[in-house]
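Each chain, written out:
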Amino acid sequence: MKRTFGAVLTILGIIGIIWGAYAFVMGGDGAMIGKFTSAVPFLIGLIFFFAGINLVKTIKDSDSR
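Being a predicted model, the structure only gives us computed values, none of them experimental. As a convention, each chain's residues are numbered from 1 in the sequence order in which they are written. For this predicted model, a pLDDT threshold of at least 70 governs which residues receive local features, and a threshold of 80 or more governs which side-chain atom pairs are given and counted, while totals over whole chains, interfaces and linings are taken from all residues. Each side-chain value is derived from all of the structure's non-hydrogen atoms; neither hydrogens nor water enter the calculation.

Engineer: Account for the overall build of the protein chain, naming residues and giving values.
Structural biologist: The helix and strand tally for the protein chain stands at two helices and zero strands. Type-normalised accessible area, obtained with a 1.4 Å probe on protein chains alone, sets the label of each residue: buried when under 20%, exposed when over 50%, and partly exposed for intermediate values. Counting every position in the protein chain, which comprises 65 residues, the buried fraction comes to 20%. By definition, residues are in contact when any of their heavy atoms lie within 4.5 Å. Long-range contacts, defined as pairs at least 24 residues apart, comprise 64% of the intrachain contacts of the protein chain with a sequence gap of at least 6. Helix numbers and strand numbers start at the N terminus; a helix is a DSSP run of H or I with at least 4 residues, a strand a run of E with at least 2.

Here it is, written out as structure tokens:
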């Protein structure tokens, strides 16, 4: 269960990083996100990404015997 949650966090982090970087490069997403406020989804994406990677890395595989 924790490994799945880590994978979901990693995927959400990748989406946030891509969205924030795209919004910054394109000068903002119109009325929703400006050029400098696009750093917020980018930073949250980074946090989610590294938290998900860390969660997946630290969970040991258990034997189902």
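Engineer: Give me the packing of aromatic side chains: which residues, what numbers.
Structural biologist: Centre distance within 6.5 Å is the pairing criterion for rings of Phe, Tyr and Trp, where only the six-membered ring of Trp is used; planes under 30 degrees apart are then read as stacked, over 60 as edge-to-face, and the remainder as tilted. The final tally for this structure, using the stated rule, is one aromatic pair. Ring centres 5.3 Å apart and planes at 70 degrees place the aromatic pair Phe-49 and Phe-50 in the edge-to-face group.

Engineer: Give me the packing of helix α1 (residues 2-25) against helix α2 (residues 39-58): which residues, what numbers.
Structural biologist: The axes are straight lines fitted to the C-alpha atoms, using for helices just the contacting stretch, and the angles between their N-to-C directions are given from 0 to 180°. Following both chains from N to C, one finds α1 and α2 inclined at 155 degrees, their axes separated by 7 Å at the closest point. By the angle class used here, α1 and α2 are roughly antiparallel. Of the two possible hands of crossing, α1 and α2 adopt the one that is left-handed. In this classification, the charged set is Asp, Glu, Lys and Arg, the nonpolar set is Ala, Val, Leu, Ile, Met, Phe, Trp, Tyr, Cys and Pro, and all remaining amino acids, among them Gly, are polar. When the residues that make up the contact of α1 with α2 are grouped by side-chain class, the tally is 17 nonpolar, seven polar and two charged. Oblique is the label for every angle not falling under 35 degrees (roughly parallel), over 145 degrees (roughly antiparallel), or within 65 to 115 degrees (roughly perpendicular). By convention, the crossing between two helices is left-handed when the near helix turns anticlockwise from the far helix through less than a right angle, and right-handed when the turn is clockwise.

Engineer: An account of the environment of Ile-18 is needed here, citing residue identities and associated values.
Structural biologist: On the secondary structure map, Ile-18 appears in helix α1. Owing to a relative accessible area of 55%, Ile-18 belongs among the exposed residues under this scheme. For the pair Ile-18 and Gly-45, spaced 27 residues apart in the sequence, the C-alpha separation amounts to 8.3 Å.

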